[in-house]
Amino acid sequence: MAGALEGIRVVDLSRVLAGPWSTQNLADLGAEVIKIERPGSGDDTRSWGPPFVARTDEAGQGRDAAYFFCANRNKRSLTLDFTQPEGREILLDLIRQADVLVENYKVGGLKKAGLDYASLAAINPRLVYCSITGFGQSGPYAERPGYDALIQAMGGLMSITGEPDDLPGGGPQKVGVAVVDILTGLYATNAILAALFHRERTGEGQHIDIALLDVQVATLANQAGNYLLAGKVPQRMGSAHPSIVPYQPFVCADGHVMLAIGNDSQFVSLCRATGQAAMASHEKFATNEARVRHRADLLAWLNPLMKQRTIEEWCALAERENFPCGPINTIDRVFNDPQVQARGMQLTMASDTYGAVDLVASPMRLSKSPVTYRHAPPVLGRDSGDILRQLGYTDEQIAHLRSQGAI
């Protein structure tokens, strides 16, 4: 079956994670994504190691960091120096035929090369042009560089992540993955798809302005709501939840489990599992509101009980009594989990350059136009010759461009 975006061509001028995450989503959904990379070095993340993945082909030389492989599946790689006139002309040839362009250069960084939205809309008015920056195209911070960890700090996430200051290990912490980059990539994908739908109705492309800081503020979600609607500034609470109790890790006989009791009926089930069913009707615990108000009392009662059983015992009880509880897995255990395996979340793709490559599969499941896995992340410049030939360049012209460093 054809992918949902088959026939859509994307010119990918983005690097590192937020932009490549978005364009990988588009590629997984069937779009043709041409990744434009610097000759000789490519995307920054090709060198963000160790660990590295070594070449296994006959050349046997070169390697790319594992980081690069997480966000560049299903793409074609064209090395191009568009600061040179020849390289710029190649890029313009591609853009004339493109549906989408994604870039994450500093504000104004592409204008001097005539590659800003206004310039490109003049030659391709149907182009959907997505700019991803740290702080957006306007405002006092617009020209500042923005990186995920910086935005986690400035956008409030680190103020609510980590243990409280007065506990061991307390203080602000960033999340263990570049979550702002990833969420920005997802928002960018949504906006691009909406712009393509708008184009279907009107024939018009448009400029999309996506900022990491905007995304971080937007995804403060309930924590922002607690402040805006109740005037309460959220604080770091470790892994506890400000509005739901019990909703945090607990020490058990051989490690830790996570309880995520989201409603009163689940709390009844938990109490039944502890052998103290009557506690579910205790005036301090009968409702979630009461449990939040009496958090310390509830933990003083529940903590000793949780220590009496193992991880396996608590998970079995949870399945039997129907309340949310699970192990706190390390990454290796995640990929050994039977549910993760049943859902096919580990993907092995064949690569002429790197052999069998293990990747994380897409979580998008479409019944009529499913995600397709066409090729592994590309070696730098793998598709340059083929793409140029499709644009009408001869082998002699391609050889000349290589000799000039334009590709």
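Now for a look at the structure at hand. Since the model is a prediction, treat every value here as computed from it, not as a measurement.

1. Focus: the overall build of the protein
Okay, step 1: From N to C terminus, the protein includes 16 helices and 13 strands.
Okay, step 2: Principal-axis analysis of the C-alpha atoms gives the protein an extent of 85 × 50 × 45 Å.
Okay, step 3: By the burial criterion, 45% of the 407 residues in the protein qualify as buried.
Okay, step 4: Within the protein, contacts between residues at least 6 apart in sequence are counted, and of these 66% link residues at least 24 apart.
Okay, step 5: When the accessible surface of the protein is summed, it comes to about 20,200 Å², and 53% of that surface belongs to carbon and sulfur atoms.
Okay, step 6: A distance of 3 Å separates the average location of the 38 positive side-chain charges in the protein from that of its 44 negative side-chain charges.

2. With respect to the packing of aromatic side chains
Okay, step 1: Applying the stated criterion across every chain yields a total of 9 aromatic pairs.
Okay, step 2: Centroid distance F267 to W301: 6.4 Å. Interplanar angle 65 degrees. Geometry classified as edge-to-face. With F267 in helix 9 (residues 264–274) and W301 in helix 11 (residues 295–306), the pair connects residues that are 34 residues apart, well separated along the chain.
Okay, step 3: A residue is classified by how much of its surface remains accessible, and F267, at 0% relative accessible area, is buried.
Okay, step 4: A ring pair is formed by F285 and W301, whose centres lie 5.9 Å apart and whose planes are at 25 degrees; its orientation type is stacked. Here W301 lies in helix 11 and F285 lies in the loop between helix 9 and helix 10 (288–293), a separation of 16 residues in the sequence. Both residues of the pair, F285 and W301, count as buried.
Okay, step 5: Through pairs of rings, three or more aromatic residues link up here, namely F68, F69 and Y354.
Okay, step 6: Lying across the ring of F68, R46 places its NZ or CZ 3.9 Å from the centre.
Okay, step 7: Sitting over the face of the ring of F52, R63 holds its NZ or CZ atom 3.7 Å from the ring centroid.

3. A look at the side chain of Q216
Okay, step 1: Tracing the sequence through the fold places Q216 in helix 7 (residues 212–218).
Okay, step 2: Residues within four places of Q216 in sequence aside, it is in contact with I151, Q152, G155, L157 and V180.

4. Focus on the sheet that holds strand 11 (residues 325–327)
Okay, step 1: If you trace the 3 strands from one edge of the open sheet to the other, you get 9-10-11, paired in antiparallel fashion. The two strands at the open ends of the sheet, each matched to only one other strand, are strand 9 (247–252) and strand 11. When strand polarity is set aside, the average angle formed by the axes of neighbouring strands in this sheet is 30 degrees.
Okay, step 2: Pairing analysis gives 6 bridges linking strand 9 to strand 10 (residues 255–260), with the strands arranged antiparallel. Each bridged residue has a counterpart across the sheet, and for Q248 the counterpart in strand 10 is L259.
Okay, step 3: Across the sheet, helix 11 lies against strand 9 and strand 10, angled at about 35 degrees from strand 9, the strand it touches most.

Reading the values: the criteria
Residues numbered from 1 in each chain as written. Predicted model: local features only at pLDDT ≥ 70, side-chain atom pairs only at ≥ 80, totals over all residues. Heavy atoms only, no water. Helix = DSSP H or I, 4+ residues; strand = E, 2+ residues; numbered from the N terminus. Buried < 20%, exposed > 50% of the residue type's maximum accessible area, 1.4 Å probe, protein only. Contact = heavy atoms within 4.5 Å. Areas by Shrake-Rupley, 256 points an atom, 1.4 Å probe, with all protein chains shown as cover. Lys, Arg positive; Asp, Glu negative; His and termini not counted. Charge placed at Lys NZ, Arg CZ, Asp CG, Glu CD. Phe/Tyr/Trp six-rings, centres within 6.5 Å; stacked < 30°, edge-to-face > 60°. Lys NZ or Arg CZ within 6 Å of the ring centre and 35° of its normal. Pairing = 2+ DSSP bridges. Axes fitted to C-alpha atoms, helices over the stretch in contact; angles between N-to-C directions.

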